[in-house]
Amino acid sequence: MSRDRTSRDIEIPGKEPRSRVRAWGLLIFFSMLIVAFGSVIGPWIQNKIPTMQQIVQIIEERDIDSAAYFYTEIEASDDGEQYIRESIRFSGHKDAKLNFTFLSVVVLSIIILLLGYRFLPND
Amino acid sequence: MDEEKMVKKEDQEVVRDVGKWEWSELIKKEDWWAIWLGFIILIAGMVIYFPHSGEMKAKIEKANVEWGEAAKRTDAFKTIAWYKLSDAKKKAEARKIKTGKWLSKFTKKPHKWSGNPLGAFVMGKEGAEAKNQKGLEKYEKAKAAEKEAFAAAQEAESRAETAGFKDESLNAEAKSSIAKWRDTHLKASKAKGKTKNKPYNQIGYLIGLGVFFAIFFGIGTAAMGRPVGQFLVAFIFVYLITVLAFTASSQATMKQYGIGYAAWAIIFGMLISNTVGTPKWAMPAVQTEYYIKTGLVLLGAKILFEKIIVIGTAGIFVAWVVTPTVWLITYWFGQKIIKMPSKRLNATICSDMSVCGVSAAIATAAACKAKKEELTLAVGLSLVFTSIMMIVMPIIIKATFPVDKQLVLGGAWMGGTIDATGAVAAAGAFLGEKALYVAATIKMIQNVLIGVIAFFVALYFTTRVEAAETGQKVGLMEIWYRFPKFVLGFIVASIVFSLLYTSYNAEMSGLGRAMIDRGTIKGMSDLFRGWFFALSFVSIGLATNFRELSEHFRGGKPLILYVTGQSFNLILTLTVAYIMFYIIFPGLTATI
């Protein structure tokens, strides 16, 4: 059952108009919920899960941005790349070069995608 | 009525293209403006950093002269000199020049804070000193531990050297001592960073950056014939929500949970649009496509193809054969078995689950012209499962894997399956330094695959799916008309920067990293890309309503798709990683 519209209502596409007070009330309530998560709930959960606590400690100690989305956003990628690149370079290992086997794998990857392009359903 | 429906449909898409070509599109269409704006930033980066290649070369050369010979004494284990050489080379970064430092300050996101949100913007001298004092005790402790570990490592290495590096047990002892020193060294250097806090006031810079962005995107808006005045006013609102999203993601607990700016941008946007409603005057700056495509062109510059060689054939097999296999089988499963109502949602979920989370979801959604709600849903699923996997996977590996396989196999498994790079690093670090490095490297190689996947998705949807939907046969010109043009900018940026990176490295090993990775990319494109993605996610949130979002989730099909695909991904990645690292290339594994 929908209530009668008043001039104080807020219109949101795809939703019933709602009163301005209720709309702002909801916004404040959810905002407080976020604040509560950051200051009370989140830390409480961390204390309850020992592994989570350990991971958090490591994140803090090593200054890892666990929210990073791409490899250039974290130092560990750069450190890891340098470490592995130099390790392999000094050992002179032949399996980490642009050789026939390596290129075959790149070609195999492209073939897999081409097969997908050819045989995936249109519908 | 039909026209009205069409307009509504177009409004919901992340990107949309009209099937015709005119030369005026070069200045009238967002796709092209994304390319122009993206390349303006990239070219500016080149102009700023490239003249400094001589200085970077000199730094690398100095490191080689100082440590190069000593580092080459043996390949039995990584000596102290080997690490010293590596550390010295790492200091060569073009972004550390004066202009680079200023750019970093100017584009800086709100600082990390815990109790008081003001700490994200302002910190006085007293606050900085208090923080430094707090960090000093830990640093002194870490420094003492490092000193002790270094002395032990020197002694162990010297014993191994006296035996001509031929005594296995002495070599093993030295290797273990050096590893302990590296661990303490890392802790000490991070602890040192926490004693170097300086006072800051970010407010002025944030205002300046907002003005810069308004003008930057305003130019394209004006050229595209849109009311620029309205855009500029509306942009203030969108920018403020973006700053708020970065502020939330900088809060200590949120950072620890890995809840990044993308999640907060969507949450705050949706919270506003679904409670008090997005103000009509703010709508001209709710331009998801415009911001996202510009960000994607910048992302293209980071897709450096030489990176895929880093860990050899084993690494590329795990990242480049398993990932497309999982993508295709999951997509097929979604279409044929669970009958996903939207092919575009299916493709976007497949990418974020199999490639690398949010960034892959953005690129795929844009390439297949998915709806805003579909991208939101895919990103949401990825964020939830990333948080779970970041905690659960290291526990499983520690409990079930043989000790000698935990670091490399565990690292490769996590790197190939956990969606977000940051979470991969956190989970890897939990197991140990080597696991962190392997996991982060596999994820980096997988990151490079985004470009290839986005291109195939754009091609498949343009030539196959859209042709089936419209019932028209697609000719070459039609493909050109419909193909999302910004993908071309994305690919060109990737090719150009890959070539530059390789040519710098050919000139001198490590110069590519100094000039491209830690120069134009980290010192320019990365500084802006995060902001552009955040602006687009705020726009998505401001234009999304819960009811439409829940319709896409009906029957829980997206969740079934994600869980099934990820389960298959976990099994296949583990199997292939084991075969590659322990059966086919055990020598390579021993080197790491």
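Each value, and the rule that gives it
Residues numbered from 1 in each chain as written. Chains lettered and ligands numbered in written order. Predicted model: local features only at pLDDT ≥ 70, side-chain atom pairs only at ≥ 80, totals over all residues. Heavy atoms only, no water. Axes fitted to C-alpha atoms, helices over the stretch in contact; angles between N-to-C directions. Helix = DSSP H or I, 4+ residues; strand = E, 2+ residues; numbered from the N terminus. Parallel < 35°, antiparallel > 145°, perpendicular 65-115°, else oblique. Left-handed = near helix turned anticlockwise from the far one by under 90°. Contact = heavy atoms within 4.5 Å. Nonpolar A, V, L, I, M, F, W, Y, C, P; charged D, E, K, R; others polar. Polar contact = N/O pair within 3.5 Å; in protein donor to acceptor, adjacent residues only side chain to side chain. Buried < 20%, exposed > 50% of the residue type's maximum accessible area, 1.4 Å probe, protein only. Expected span 1.5 Å × (residues − 1). Core = buried A, V, L, I, M, F, W, Y, C linked by side-chain atoms within 4.5 Å. Buried area = accessible area lost by both parts, 1.4 Å probe. Salt bridge = Lys/Arg side-chain N within 4 Å of Asp/Glu carboxyl O.

Chemist: Help me understand the packing of helix α15 (residues 322–337) of chain B against helix α16 (residues 343–356) of chain B, please; the structure alone is not making it clear to me.
Modeler: Two quantities define a packed helix pair, namely the angle between the helix axes and the distance between the axes. Residue and element names in this part refer to chain B. Packing of α15 against α16 brings their axes to within 9 Å, and their N-to-C directions diverge by 150°. Relative to α16, α15 is oriented roughly antiparallel. Seen from above, α15 lies across α16 with right-handed handedness. Residue-level contacts link Thr-323, Val-326, Trp-327, Thr-330, Tyr-331, Gly-334 and Gln-335 of α15 to Lys-343, Asn-346, Ala-347, Cys-350, Ser-351, Met-353, Ser-354 and Val-355 of α16. Looking at the contact of α15 with α16, its residues break down into seven nonpolar, seven polar and one charged.

Chemist: Could you clarify how one ought to interpret the side chain of Thr-278 of chain B in this entry?
Modeler: Residues and elements named next belong to chain B. Here Thr-278 shows up in the loop between α12 (261–274) and α13 (288–300). A polar atom in the side chain of Thr-278 sits 2.8 Å from the backbone oxygen of Leu-542. Excluding anything up to four places from it in sequence, Thr-278 contacts Ile-272, Ser-273, Met-283 and Leu-542.

Chemist: How do you make sense of the packing of helix α4 (residues 53–71) of chain B against helix α24 (residues 511–542) of chain B when you look at a structure like this?
Modeler: Residues and elements named next belong to chain B. Packing of α4 against α24 leaves a shortest axis separation of 9 Å and a crossing angle of 135°. Judged by the inter-axis angle, α4 sits oblique to α24. The hand of the α4/α24 crossing is right-handed. Across the interface between the two elements, Ser-53, Met-56, Lys-57 and Ile-60 of α4 pack against Leu-511, Ala-514 and Met-515 of α24. Tallied by class, the residues present in the contact of α4 with α24 amount to five nonpolar, one polar and one charged.

Chemist: Help me understand the environment of Lys-371 of chain B, please; the structure alone is not making it clear to me.
Modeler: Relative to the helices and strands, Lys-371 of chain B is located in the loop between α17 (358–368) and α18 (372–400). When its relative accessible area of 25% is taken as the criterion, Lys-371 of chain B is described as partly exposed.

Chemist: What should I look at first to understand α13 of chain B in this one?
Modeler: Since one α-helical turn is 3.6 residues long, residues separated by three or four positions face the same way. Compared with an ideal rise of 1.5 Å per residue, which puts 13 residues at 18 Å, α13 of chain B spans 18 Å between its outermost C-alpha atoms and is within 8% of the ideal. Counting buried residues in α13 of chain B gives 13 out of 13 residues, a clear majority hidden from the surface.

Chemist: How should I be thinking about the nonpolar core in this particular structure?
Modeler: Grouped burial of nonpolar side chains is what soluble globular proteins tend to show. All names here are of chain B. Counting 225 residues, the largest nonpolar core has Phe-217, Phe-235, Trp-320, Phe-532, Phe-537 and Phe-581 as its most contacted members. Counting residues per element, this core draws most heavily on helix α21 (residues 433–470), which supplies 20 residues. Those residues in contact with Phe-235, other than ones at most four positions away along the chain, are Gly-210, Phe-213, Ala-214, Phe-217, Ala-285, Tyr-291 and Leu-535.

Chemist: Help me out: how do you make sense of the interface of chain A and chain B in this one?
Modeler: As a measure of interface size, the accessible area lost when the parts come together is often cited. The interface of chain A with chain B comprises 82 residues on the first partner and 116 residues on the second. Here chain A and chain B share an interface that buries about 8900 Å² over both sides, 66% of which is from carbon and sulfur atoms. The interface formed by chain A and chain B holds eight salt bridges in total. A salt bridge links Glu-60 of chain A to Lys-112 of chain B; its shortest N-O distance comes to 3.0 Å. Across the contact surface, chain A and chain B share 29 residue pairs in polar contact (both at pLDDT 80 or more). Partitioning the side of chain A that touches chain B into residue classes produces 43 nonpolar, 20 polar and 19 charged.

Remember, this is a structural readout, not a statement about activity or role.
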